[in-house]
Amino acid sequence: MRSNLALLSFAALAAPPAFGALGPEKMRGLLEEIDESQRNSGDYKALVYLEQREKDKTDVVRELLVYRRDEDDKLMLLFTKPKSESGKGYLRIDKNLWSYDPNVGKWERTTERERIGGTNSRRADFDESRLADEYDPSFASEGKLGNFEAVELKLTAKPNVDVAYPVVHLWVDKASHNVLKRQEFALSGKLLRTAYYPRWQKLFSPSKGTEVWVPQEIRIYDEVEKPNSTLVLIKSVDLNALGANLFTKAWLESKSR
Amino acid sequence: MISAFVVLVRIALRNLFASAINLVIGAIILFGTALVVVGGALLDSVDRAMSSSVIGSVAGHLQVYSAASRDELALYGDFGGEADLSPIQDFPKVKRALLSIEGVRKVVPMGINAALVASGNTVDLVLAELRELSNRKAKKETGLEGELEAQKQHVRQIIRVLRGDLEKSLAVMDKSAIEPEDLAALEQVSKDEFWAGFDRDPFGALEFLENRVAPQVSDADLLYLRYVGTDLGEFLRSFDRIRIVDGGPVPDGKRGFLFAKFFYEEGLKLKTARRLDKIHEALAQSGKKIAGDPVLERYVRENQSQTRDIVLQLGPEKTRLAIERLQRALLSKEQELSALLSSLFATDDSNFQERYRIFYEQVAPLLSLYRVRVGDTLTIKAFTRSGNVRSVNVKVYGTFAMEGLDKSPLAAAANLMDLMTFRDLYGFPSAETAEEISAMKAAAGAKEVDRSRAEEELFGGALVTQGSPVAIEESAVLGVRPRSRAEQLEDRVYTAEEIESGVVLNAAVLLDDAGRVPGVLRRIEELSGRERLGLKAVSWQKASGILGQMATAMKAALFFSAGIVFVIAMVIINNAMMMATLQRTQTIGTLRAIGAQRPFVLSMVLVETLVLGFLFGGGGALLGSLVMLLLGARGIPAFDDATYFFFSGPRLFPTLEVAQIAFALGIVTLVSIVSTLIPAVVATRVSPVVAMQAEE
């Protein structure tokens, strides 16, 4: 069903200028395609560089490992550098997002709005794309974004789904169907963040048997505190299977002992 | 000359009691003087009390901070945020320089910041303790079986309560409103098999409980914690309004935390107990009644309906004990703790005191009344100045109150911590970390993008590249974390030099005499310019921000009120004296007709006024002094939180000084003379013939 919808949406996208006429089902199909192209049916591990710039403050710079098991929606972030941050981490199990600090040996239950490592990034920036599960789409506009022809969708959070941003505008490249730009709004309609996805990488996934799309660079601009920005660079990706007991508090604790 | 004066005094004394109008005027002078004495003394006493509350609590007479700071110092916060201050460069040098100024007694280093402290829900807290015990057992620590078993039983008791709640919900709600996963999770952990397997895989079982059961309880708290980092020993010795309420002071040179008692009660106490305390205070101190008071009635309703915090805190044994005790105290056969608690909290004006006693004698000893207890370790997570997130553990030694400010939500929200812990939470990255970060940035090689042209710059080239996965070895990328210093830090004793050498954001300057404030302010500015200390000095009123403005505004309001009373008194005296003098126009005409010279007539009227002023003004001053003596001995009770602040405590004991009596007497006499002389001069200018015919 999902692949049928994806095909349908591809056909719709490939036949301009019909975006404005796309119905809700076809929009959902497009979101499913975006999710599916980034989903690896096996495990995922990535080495990520994170940099936060704020006015009148020294830059916050981190390196971290992102672990994902998309099959059962698990996510873990383990900070590796600088040394003072090494061993800190986040663990998402079911609807719980935990943060851990080895300096105090405590776990803390946090929310979707948690600023990861004190930067303007959120859990969802590192996690599997779940746009179709979390949002209802509608057509907004179409036009050029730099050199690329893009379609803009307006996404509204589904009832009872906990997301960091209840309204999102998404610009999708018409040719590759990759996300180019994402603007996130509060319920009041106030623009909070603008994120750009200027580089994507195609990787062959043995577990999926096909290619997986991974954003290599995400640039997030704070729209409330205008001078602030966050850079996420995905330096390398490992698609080998991870250990069975990896996504546990005990495993993350063990990394700082 | 003297004989003339004696004659005039005799005439004045004779006239004084000969005329009823003089007695009326005398009574007015007496009342007016008493009013000025009492009003002036009260005004001075309130001003002194209010000022000493703020000066003696945290502000000192003056505050100094770096002139390079972006914001102005705001000791009690700046509309919910904290002022952005630059650190004082070389605090030991600044301290030496300030102490060299005449009149400066002490210089106390400080820094103010705030953090949001998240505490998990009740189940999270219980499970965290179980995890801690399981970790210790996994490290082969022995003798933990009893504690582990008790904690497991506590969790099982919580699960029974949650299941009971869910079953009740199922009976009244649509089943679709309840998540099937929640129900399934509760059923699984209710089974004996789950607990029989706990010891085999404690961490697996804990993960299940933490992720599937704990989220079903939603009583987590998020506390806004404001703290003043300081040299705690020096602080407690310097500020006379601070007193330790619970626990004890942090030993000199050690790391530690002291909660402000008001904050501790409002933010960390079990909500039910806090509501009971508030009702108790309202009935006992303010003479209120529950019936008809919407706030107190709401407290009673909330206590009856919100018993879960208590029920979830108790393990099976304590639950049994609580049921037994409440059944006995309430003469009830009810078997369910939550229903018994509801009955206990069904209070009205007739039974409140008894129920309050039962709660504190029978139930409270089984409970943890505070989320963080004295002796516990508090974890504080804050954003450092450089934007990093930093967490520290710090031991709570006790609670303190600032006399006079202990009921002010603004002032009493500030807690105290040692300066070393403050620096850990506030600090910049070390030189080593800064170097490491520099290397990381260079290795990342990210290109600079102009935000205003981001779309053109970012979307001008290829969007997609073909890559291949690589094997990432944790050991190769995981930095070696410096060994945790937490355990050593708690016991370490820092020297005064260590405490003072480091980041200090502001410092309180205490003087020998509050009257020296303007002079010392000028001297500090001169010294700072001469020795390039880069300091800005402000008075306590300015440093205290809203609180200082409140004190100044209140002082102005008090002066205004006293001024009105004073003016009214003076106008009455003036009118009475003028009327009395004008009534004597005929007498003055007669005196002038029989040869009395104008100066003699004026002197006669003036002496009469002086005698009147001294006699009745003196009486008024005596009366005012007696009133002040009485008030000074008994005290004036504060009737609400605002007067509590103005009185610097629950009662104001006003004092009276000789200068205030002299001032009252002097001003009353002066007004009387002015009020008499003008009509007298007018009267002497009237022709004697006309004056003598005035009443014909």
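Values in this document were obtained by computation on a predicted structure and should not be read as measured data.

J.: I'd like to hear about the overall build of chain A, residue by residue, with values.
T.: Looking only at helices and strands, chain A features five helices and 13 strands. Its C-alpha radius of gyration of 18 Å places chain A within 12% of the 18 Å reference for a compact globule of 257 residues. Across its three principal directions, the C-alpha atoms of chain A cover 60 × 45 × 35 Å. In chain A, 48% of the contacts between residues at least 6 apart in sequence involve partners at least 24 apart. Carbon and sulfur atoms make up 51% of the accessible area of chain A, which amounts to about 9700 Å² in all. Positive and negative charge centroids in chain A, built from 41 and 40 side chains respectively, lie 3 Å apart.

J.: So what about the overall build of chain B? Which residues, and what values?
T.: Assigned secondary structure in chain B consists of 30 helices and 13 strands. For chain B, the C-alpha radius of gyration of 37 Å lies well beyond 26 Å, the compact-globule estimate for 696 residues. By its C-alpha atoms, chain B is 125 × 75 × 55 Å across when sized along the principal axes. Every one of the 696 residues in chain B was classed for burial, and the buried ones make up 48%. Contacts spanning at least 24 positions in sequence make up 77% of the contacts within chain B whose residues lie at least 6 apart. For chain B, the accessible area works out to roughly 33300 Å², and carbon and sulfur atoms hold 58% of it.

J.: Account for the pairing of strand β8 (residues 414-418) of chain B, with residues named and values stated.
T.: Remark: a regular strand shows side chains that alternate across the two faces of the sheet. Taking burial as the measure, the five residues of β8(B) include five buried ones, the bulk of the element. Residue alternation in β8(B) divides its side chains into two sets, B:A414, B:L416 and B:D418 and B:N415 and B:M417, and both sets are buried.

J.: Give me the nonpolar core: which residues, what numbers.
T.: Judged by nonpolar contacts, the single largest core of 153 residues is most densely connected at B:Y227, B:F257, B:F259, B:F359 and B:I380. B:F259 has contacts with B:L225, B:Y264, B:L268, B:V372, B:L378, B:V396, B:G398, B:T399, B:F400 and B:N415, leaving out every residue within four places of it along the chain. The next biggest cluster of nonpolar side chains, apart from the first, holds 55 residues, and it includes A:L30, A:Y44, A:V163 and B:V449.

J.: Please give an account of the domain arrangement of chain B that cites residues and values.
T.: All names here are of chain B. Per the domain assignment, the segments of chain B are domain 1 (2-54 + 549-692), domain 2 (121-216) and domain 3 (270-369). Taking only C-alpha atoms into account, the centre of domain 2 sits 27 Å from that of domain 3. At the junction of the two partners, domain 2 supplies 10 residues and domain 3 supplies nine residues. Interface area, domain 2 with domain 3, both sides summed: about 830 Å², of which 58% is carbon and sulfur. Per-residue buried area on domain 2 facing domain 3 is highest for T122, H154 and Q157; these three make up 46% of the total on that side. One can count two salt bridges joining domain 2 with domain 3. Taking the shortest distance from any N to any O, the salt bridge between R308 and D165 comes out at 2.6 Å.

J.: With reference to specific residues and values, describe the packing of aromatic side chains.
T.: This structure, assessed with the given rule, holds 21 aromatic pairs over all chains. Taking the centre distance of 4.9 Å and the plane angle of 70° together, the rings of B:F257 and B:F259 count as edge-to-face. For the pair shown, B:F257 and B:F259 are each scored as buried. Taking 6.1 Å as the distance between ring centres and 15° as the angle between the ring planes, the aromatic pair formed by B:F259 and B:F263 counts as stacked. Residue classification places B:F259 among the buried positions, given a relative accessible area of 1%. Since its relative accessible area comes to 9%, B:F263 is described here as buried. The rings of B:F257, B:F259, B:F263, B:Y264 and B:Y370 are connected pair by pair, giving a single aromatic cluster. A cation over a ring is seen here: A:K181 above A:W171, with NZ or CZ 4.3 Å from the ring centre.

J.: Tell me what's going on with the interface of chain A and chain B, and back it up with residues and numbers.
T.: Each side of the interface is counted separately: chain A has 90 residues, and chain B has 66 residues. Buried area between chain A and chain B, summed over both chains or domains, comes out near 6200 Å², and the portion from carbon and sulfur atoms is 51%. Sorting the residues of chain A by area buried against chain B places A:K83, A:V104 and A:R109 first, and these three jointly supply 9% of that buried surface. At the junction of chain A with chain B, the criterion picks out 11 salt bridges. Here A:D59 makes a salt bridge to B:K441, at a shortest N to O gap of 2.5 Å.

J.: Outline the packing of helix α1 (residues 2-18) of chain B against helix α27 (residues 598-634) of chain B, supporting the account with residue identities and numerical values.
T.: Axes are the key here: two packed helices are described by the angle between their axes and the distance separating the axes. All names here are of chain B. Running from amino to carboxyl end, α1 crosses α27 at an angle of 60°, the nearest separation of the two axes being 9 Å. What the angle tells us is that α1 and α27 run oblique. Judged by the sense of rotation from one axis to the other, the crossing of α1 with α27 is right-handed. The residues of α27 that touch α1, namely those facing F5, L8, V9, I11, A12, L13, N15 and L16, are F600, S603, M604, V607, E608, V611, L612, L615 and F616. Here the contact of α1 with α27 is composed, by residue class, of 14 nonpolar, two polar and one charged.

J.: An account of helix α15 (residues 337-344) of chain B is needed here, citing residue identities and associated values.
T.: Residues and elements named next belong to chain B. Of the residues making up α15, those classed as buried are L337, L340, L341 and L344. For α15, the arc enclosing every buried residue in end-on projection is 100°, short of the 170-degree limit, so these residues lie on one face. Where the residues of α15 are buried, they touch α13 (308-313), α14 (316-330) and α16 (352-363).

J.: Can you explain the pattern of salt bridges? Please cite residues and give values.
T.: Residues and elements named next belong to chain B. Taken as a whole and assessed by the stated rule, the structure comprises 74 salt bridges over all chains. Across the pair E234 and R237 runs a salt bridge, and its minimum N-O distance is 3.5 Å. Pair noted here: E234 and R237 are both in helix α9 (residues 232-238), with a separation of three residues, about one helical turn. Overall, E234 belongs to the buried group, its relative accessible area being 15%. Here R453 makes a salt bridge to E457, at a shortest N to O gap of 3.3 Å.

J.: Hey, could you go over the confidence of the model for chain A for me, with residue numbers and the actual values?
T.: The pLDDT averaged across chain A works out to 86; a share of 91% of its residues lies at or above 70. Below pLDDT 50 for its whole length, residues 1-18 of chain A participates in 22 contacts with residues either more than four positions away or in separate chains.

J.: Give a detailed account of the side chain of B:N135, specifying residues and quantitative values.
T.: You can see B:N135 is positioned in helix α4 (residues 122-138). Overall, B:N135 belongs to the buried group, its relative accessible area being 13%.

J.: A description of the packing of helix α11 (residues 271-284) of chain B against α16(B) should follow, citing residues and the corresponding values.
T.: All names here are of chain B. Here α11 crosses α16 at 145°, and the two axes come no closer than 11 Å. Crossing handedness for the pair α11 and α16: left-handed. From α11, A273, L276, D277, I279, H280 and L283 reach across to α16, where they touch F352, Q353, Y356, F359 and Y360. Looking at the contact of α11 with α16, its residues break down into eight nonpolar, two polar and one charged.

J.: Describe α4(B), listing the residues and the values that go with them.
T.: Taking 1.5 Å of rise per residue, 17 residues should cover 24 Å, and α4(B) covers 24 Å from first to last C-alpha, within 8% of that figure. Listed in full, the buried residues belonging to α4(B) are B:T122, B:V123, B:D124, B:V126, B:L127, B:L130, B:R131, B:L133, B:S134 and B:N135. Looking at the buried positions of α4(B), the neighbouring elements they touch are β5 (96-101), β6 (106-110) and α5 (249-254) of chain A together with α5 (145-172), α8 (202-213) and α13 of chain B. Looking at where α4(B) begins, the residue whose side-chain oxygen comes 2.9 Å from the main-chain nitrogen of B:V123 is B:N121.

What counts, and at which threshold
Residues numbered from 1 in each chain as written. Chains lettered and ligands numbered in written order. Predicted model: local features only at pLDDT ≥ 70, side-chain atom pairs only at ≥ 80, totals over all residues. Heavy atoms only, no water. Helix = DSSP H or I, 4+ residues; strand = E, 2+ residues; numbered from the N terminus. Rg over C-alpha atoms; globule rule 2.2 N^0.38 Å. Contact = heavy atoms within 4.5 Å. Areas by Shrake-Rupley, 256 points an atom, 1.4 Å probe, with all protein chains shown as cover. Lys, Arg positive; Asp, Glu negative; His and termini not counted. Charge placed at Lys NZ, Arg CZ, Asp CG, Glu CD. Buried < 20%, exposed > 50% of the residue type's maximum accessible area, 1.4 Å probe, protein only. Core = buried A, V, L, I, M, F, W, Y, C linked by side-chain atoms within 4.5 Å. Domains from an automatic or database assignment. Buried area = accessible area lost by both parts, 1.4 Å probe. Salt bridge = Lys/Arg side-chain N within 4 Å of Asp/Glu carboxyl O. Phe/Tyr/Trp six-rings, centres within 6.5 Å; stacked < 30°, edge-to-face > 60°. Lys NZ or Arg CZ within 6 Å of the ring centre and 35° of its normal. Axes fitted to C-alpha atoms, helices over the stretch in contact; angles between N-to-C directions. Parallel < 35°, antiparallel > 145°, perpendicular 65-115°, else oblique. Left-handed = near helix turned anticlockwise from the far one by under 90°. Nonpolar A, V, L, I, M, F, W, Y, C, P; charged D, E, K, R; others polar. Arc of directions from axis to C-beta. pLDDT = per-residue confidence, 0-100. Expected span 1.5 Å × (residues − 1). Polar contact = N/O pair within 3.5 Å; in protein donor to acceptor, adjacent residues only side chain to side chain.

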